[in-house]
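For reference, the chains in residue letters:
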Amino acid sequence: MAFPEPKPRGPELPQKRLKTLDCGQRAVRAVRFNVDGNYCLTCGSDKTLKLWNPLRGTLLRTYSGHGYEVLDAAGSFDNSSLCSGGGDKAVVLWDVASGQVVRKFRGHAGKVNTVQFNEEATVILSGSIDSTIRCWDCRSRKPEPVQTLDEARDGISSVKVSDHEVLAGSVDGRVRRYDLRMGQLFSDYVGSPITCICFSRDGQCTLVSSLDSTLRLLDKDTGELLGEYTGHKNKEYKLDCCLSERDTHVVSCSEDGKVFFWDLVEGALALALPVGPGVVQSLTYHPTEPCLLTAMGGSIQCWREETYEAEGAPG
């Protein structure tokens, strides 16, 4: 007699606070997992970038070289390089191991809000308040960008990259998708200044947050509105949003001290996670596990699912 297969467990949400790390960088402007989720980067208003093991709570290295606050950072696919951008209008390429600045790219006319590597980490894409996205060749000695995308009519708040696409959100209320294979630009009008955009993990959808305190899920190819998510507060700050590790939930920062989780398909609020008394400035979701990092004030918080037991903990 065959026993029935056990039902697959539903997705667990990270709602147990494991750690709070005081980063010692004044305000933490952004927190970002690296590609495999073992490390994270914090961007400080004190001009530094720091690399951490968040589960252990250990600081691995501090990167100093920006002339003003650091606003965003990203790691390369092989963990050998970092890129960052900030209030000094510069885009910096770093060597992870030595902590040294490899290149400093200048050309933006205003602060750099967002940076991303392409998949091979040969190009850095940076989005600025100056309304442009600039593409910098990491291997070239030339000071100017290899390409400038200047279709936006207002500042670029968020850029994401897939193997053949660039997704950009702008304060002009438009999501623009550049298909590099086809050489085409697709644009969807949201109507409110966009604060963050991202691809779903399956690459079929785009998630867009904007200053009308609404997140929208769009079909990437058609621009069709698939879902709207509300309940959080986002009226004045550039706040992060993302999808959970299995695309089951939509996740957003909020100006009222919480992180909000909605069921992606049903649109219902699943959890409002209290983080603290201030604005939840930034968040980053682990690529494969129900693990979330949040940033508030000068510290980051590490969250796991309720059933999680830390290594070495009595279990």
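Note that the structure is predicted; figures quoted are calculated from it, not measured.

On a plain count of helices and strands, the protein comes out with 0 helices and 28 strands. Taking all 315 residues of the protein together, the buried fraction comes to 56%. Of the contacts made within the protein by residues no fewer than 6 positions apart, 43% connect residues no fewer than 24 positions apart. As displayed, the protein offers around 14100 Å² of accessible surface, 48% of which is attributable to carbon and sulfur atoms. Between the centroid of the 36 positive side chains of the protein and the centroid of its 42 negative side chains there is a distance of 7 Å.

Another point: the sheet that holds strand S6 (residues 70–75). With antiparallel pairing, 4 strands are arranged side by side in an open sheet as S6-S7-S8-S9. Two strands close off the open sheet at either side, each with one partner strand: S6 and strand S9 (101–105). Averaged over neighbouring strand pairs, the angle between their axes works out to 20 degrees when direction is ignored. Across 5 bridges, strand S7 (residues 81–86) lies against strand S8 (residues 91–95) in antiparallel orientation. If you follow Gly85 over to S8, its bridge partner there is Val91.

Below, the discussion takes up the UniProt feature "repeat: WD" (unreviewed entry) in the protein. Per the UniProt entry, the sites bearing "repeat: WD" (unreviewed entry) are residues 21–62, 63–104 and 105–146 in this numbering. From the first C-alpha to the last, residues 63–104 spans 13 Å; its make-up is 0% helix and 55% strand. Note that residues 105–146 is 0% helix and 43% strand, and that its end C-alpha atoms are spaced 12 Å apart.

What follows concerns the layout of surface pockets. The space that makes up the largest pocket amounts to roughly 1200 Å³. Contributing to the lining of the largest pocket are 42 residues, with Phe33, Gln116, Lys160, Val161 and Arg201 lying nearest its centre. Contributions of two or more residues to the lining of the largest pocket are made by strand S2 (28–33), S6, strand S10 (112–117), strand S14 (156–161), strand S18 (194–199), strand S22 (241–243) and strand S26 (282–285). Within the lining of the largest pocket, the residues separate by chemical class into 18 nonpolar, 14 polar and 10 charged. One number sums up the size of the second largest pocket: a volume of about 460 Å³. The wall of the second largest pocket is formed by 23 residues, among which Leu71, Lys111, Asn113, Tyr237 and Lys238 lie closest to the centre.

Here the structure, examined in full by the defined rule, presents 16 salt bridges. The residue Glu228 makes a salt bridge to Arg216 at a minimum N-O spacing of 3.4 Å. With Glu228 in strand S21 (residues 225–230) and Arg216 in strand S20 (residues 214–219), the pair connects residues that are 12 residues apart, well separated along the chain. Of the residues examined, Glu228 reaches a relative accessible area of 44% and is grouped as partly exposed. Residue Arg216 is classed as buried on the basis of its relative accessible area, which comes to 12%. We note a salt bridge from Lys258 to Asp256, for which the minimum N-O separation is 3.9 Å. The partly exposed category is assigned to Lys258, whose relative accessible area is 29%. Among the ionic contacts, a cluster of salt bridges with common partners joins Glu165, Arg177, Lys220 and Asp221.

Calculation rules
Residues numbered from 1 in each chain as written. Predicted model: local features only at pLDDT ≥ 70, side-chain atom pairs only at ≥ 80, totals over all residues. Heavy atoms only, no water. Helix = DSSP H or I, 4+ residues; strand = E, 2+ residues; numbered from the N terminus. Buried < 20%, exposed > 50% of the residue type's maximum accessible area, 1.4 Å probe, protein only. Contact = heavy atoms within 4.5 Å. Areas by Shrake-Rupley, 256 points an atom, 1.4 Å probe, with all protein chains shown as cover. Lys, Arg positive; Asp, Glu negative; His and termini not counted. Charge placed at Lys NZ, Arg CZ, Asp CG, Glu CD. Pairing = 2+ DSSP bridges. Axes fitted to C-alpha atoms, helices over the stretch in contact; angles between N-to-C directions. UniProt positions renumbered as here; feature names shortened; annotations may be inferred. 1 Å grid on protein atoms, 1.4 Å probe; cavity = no way out; pocket = protein on both sides within 12 Å on 5 of 7 lines; lining within 4 Å. Points joined across faces, edges and corners; volume = space filled by probe spheres on them. Nonpolar A, V, L, I, M, F, W, Y, C, P; charged D, E, K, R; others polar. Salt bridge = Lys/Arg side-chain N within 4 Å of Asp/Glu carboxyl O.

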